[in-house]
Amino acid sequence: MESLLAHRLIVVTGKGGVGKTTVAAAIGLEAARRGRRTMVAEVARRTDVAGVLDAAHTGDGAAETELAPGLFHVSVDPEQAMEEYLRDQLPSAAAGLLNRSRLFGLLAAATPGLRELLTVGKLWELAQLDRRTPGATPYDLVIVDAPATGHGVAVLSAPRAFAGAAHTGPVARQASIIHATLSDPEVTAIVAVARAEELAVTETLALQAALRDTLDAELDAIVVNALAPDRFTPADARRLEEQPDGPGVQRALAAHARARRQRAQLARLTRATGHRALRLHAQAVATPDLAALADELAGQLA
Amino acid sequence: MNLSGKRVVIVAGSGGVGKTTTSAALALGLAADGERVAVVTIDPARRLATALGLEELGNEPHRVETVDLAGELWAMQLDAKRTFDDLIELLAPNESAARDVLGNRIYRELSGAMTGSQEFTAVAKLYELHRDPRWDVVVLDTPPSRNALDFLDAPDRLTGFLDGRALQAILAPTGLAARVIGRGTGVVFSVLSRLTGIDLLDDLSVFFRSLSGLIDGFRRRAAGVKELLGDPDTTFLLVTSPEREPVEEAIFFHGRLRAAGMPFGGIIVNRVHRAPETDPEVARAELAGELGERLAGKVAATLRDVEVLARRDADAIEHVKRELGVADPVLVPLLDQDVYDLEGLARLERCLRDEPVG
């Protein structure tokens, strides 16, 4: 756990609606506070991270932008990644030829999984110390706000699928290198974000299994977000039950019941995954500022 | 929420806002009104799946027999991979054409990794059930899309993926496939093979060639799906929780629906916190005598949390009303229990009808 921020690449995934984006941004903020030059990247035309980090941020996120000291953001676009890849792999005349070729454009659009491969390829490139993008400064840490569980795993496994389908040639070679990076636990950490709710816990268990199956990878950390305050002891609850008509007592008992359900799901998660989850409370009541979440994380990351 | 006369109900929204449960409750209500309803769920909680009899295998609806209804309730859980395979078998001109695609390595390894493949299979299933005379209404729970666009674009993506022009360019006598098969020396081809290696190019051309027999079927199907999504008897319901991100997603999706001329049927806000009946400090003062300062303070702190959440929710609801121009979003209070049985669904369904929660 203490070494989470020591990775070069942290992929943050989990069930939709659990707060992946916020958690990815909070991890990024904490890393930047510790002096690491940090990139938080998102995919699939989204600019949510920018919104969480800086409400005033506008634009399509396509350029690498410093949103806070040491904290950068980019939204990875597969088409742009394709152009960059071709420029890097081929002499410029040949790259220009392919980029202009209608036939090639159609073929690229129709090839299943190619967008995913290009997206992952760009994330890999961002994490290289020796950046291929001319003039680009390397990052100490790249955090990916990845798609939700199912598609997240599909994106992560695209390089291996391509390496398998292509056997030989530059794409196969490139895809194998990317896959090796993603499945190297020294380099890449995969973080699941969950809530202490039945479906979110179930999906986290499914994610752990899918990562083992398709990537030979393990979860490095689980973050449980939006835990409700757990104020009442069993003795408190018994005393409240004796005063059922007291002002606010029913609300207190409902909150107690919710906290108990969350505790049970947290126990289930810990038991089944073998992970002691990082716990975040700030988002249970009101929309927190990112700094509060980063503070909570900081206390749990060594 | 008035759904009478609707033949297709599509329940859309961010992940984690209660779409699946809402879809099941709406389907139960329609069945109670006498309709024969099929509900397609994407990823139900285990106990809800049990309640709906979804543990049986198969990629077809099963009738829910455990409840007495004027109509019929059928439920299924979508199996994306199988729906894709079934569709290929259905649209292939013959068995060997279907076998070629299903057995192709590119198809097997990569079709699951494609963005939007779950969205595409969901609408394909919707279309199939809608045309089946066994059901009057189909309710579709949509996949937990990161991006609402994926769902609306599914038919276009399908035609784009298998677009006649794209395939022609690849399959025409002088197209890419011919050049690969004939080890052609066209300049694009030679650059491309340098990039990908000849094996991948071979596999791709075999893949596209084996798909070529299916193009017409796919194109007709995509056109049918698109027409169905815009039909006046189809309605899109948006579901959200009062949190910031799902609300923004719902507003965005609504804009896309309008731009695409798709029928919007209303918005449901789940998990709304009621403001506390008592002021926290008043409660503390009244409870302190009986329960002691410490416990009374905990109750007051709980009420303060609820106040904050209720205010946040009220703001979110106002925001939704303003942005969508909707006067009466359906508000579902935060329930004390997760909904996981037919009784719970029936309670939720009464909320959706704006009847008092019993």
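Residues numbered from 1 in each chain as written. Chains lettered and ligands numbered in written order. Predicted model: local features only at pLDDT ≥ 70, side-chain atom pairs only at ≥ 80, totals over all residues.

Draft legend 1. Here's a closer look at the overall build of chain A. Of the regular secondary structure elements, chain A holds 12 helices and 8 strands. Expressed as lengths along the three principal axes of its C-alpha atoms, the size of chain A is roughly 80 × 40 × 35 Å. When each of the 302 residues of chain A is scored for burial, the buried share is 51%. (Helix = DSSP H or I, 4+ residues; strand = E, 2+ residues; numbered from the N terminus. Buried ≥ 20, exposed ≤ 12 C-beta atoms within 10 Å, placed from the backbone.)

Draft legend 2. Expanded view of the overall build of chain B. Counting secondary structure elements, chain B contains 17 helices and 8 strands. Out of the 358 residues belonging to chain B, those deemed buried represent 51%. Counting contacts in chain B only where the partners sit at least 6 residues apart, residues at least 24 apart contribute 72% of the total. (Contact = placed C-beta atoms within 7 Å.)

Draft legend 3. Focus on the pairing of strand E6 (residues 188–195) of chain A. Residue and element names in this part refer to chain A. For E6, a buried count of 8 out of 8 residues is recorded, marking the element as mostly surrounded by other parts of the structure. Of the two faces of E6, the one lined by Thr188, Ile190, Ala192 and Ala194 and the one lined by Ala189, Val191, Val193 and Arg195 are each fully buried. Note that E6 and strand E7 (residues 221–225) share 5 bridges and pair parallel. Counted as the bridge partner of alanine 194 is valine 224 from E7. One crossover worth recording links E6 to the parallel E7 by way of helix H9 (residues 198–215), and it is right-handed. (Pairing = 2+ DSSP bridges. Right-handed = clockwise from strand over helix to strand, strands pointing away.)

Draft legend 4. Just helix H15 (residues 280–291) of chain B, in detail. Residues and elements named next belong to chain B. Within the sequence span of H15, burial applies to Pro280, Ala283, Arg284, Leu287 and Leu291. Each buried residue of H15 lies within a common arc of 100 degrees when the element is viewed along its axis, so the set occupies one face. Facing away from the buried surface of H15 by more than 90 degrees, the exposed residues are Glu281 and Gly289. Where H15 ends, the next residue or the one after it, glycine 292, has phi of about 90 degrees, a positive value. (Arc of directions from axis to C-beta.)

Draft legend 5. Summary view of the sheet that holds strand E8 (residues 330–333) of chain B. Residue and element names in this part refer to chain B. The strand order E3-E4-E2-E5-E1-E6-E7-E8 describes an open sheet built from 8 strands, whose pairing is mixed. On the outer flanks of this sheet lie strand E3 (62–63) and E8, each paired with one strand and no other. Taken together, the 5 bridges between strand E1 (residues 8–12) and strand E6 (residues 234–240) define a ladder with parallel strand orientation. The partner of isoleucine 10 across the bridge, within E6, is phenylalanine 236.

Draft legend 6. Here's a closer look at unusual backbone geometry. Non-glycine residue aspartate 216 of chain A carries a positive phi angle of around 50 degrees. Mapped onto the fold, aspartate 216 of chain A is located in the loop between H9 and E7. A positive phi is found at arginine 271 of chain B, a non-glycine position, where the angle reads about 60 degrees. Looking at the element boundaries, arginine 271 of chain B is found in strand E7 (residues 264–272).

Draft legend 7. Expanded view of the packing of H15 of chain B against helix H16 (residues 293–324) of chain B. All names here are of chain B. For the pair H15 and H16, the least separation of the axes is 7 Å and the interaxial angle reads 155 degrees. With respect to H16, the element H15 is oriented roughly antiparallel. H16 is crossed by H15, and the crossing has right-handed handedness. Across from Pro280, Glu281, Ala283, Arg284, Leu287, Ala288 and Leu291 in H15, the residues of H16 making contact are Glu293, Leu295, Ala296, Gly297, Val299, Ala300, Leu303, Arg304 and Glu307. (Axes fitted to C-alpha atoms, helices over the stretch in contact; angles between N-to-C directions. Parallel < 35°, antiparallel > 145°, perpendicular 65-115°, else oblique. Left-handed = near helix turned anticlockwise from the far one by under 90°.)

Note that all results are geometric; they support no functional claim without further evidence.
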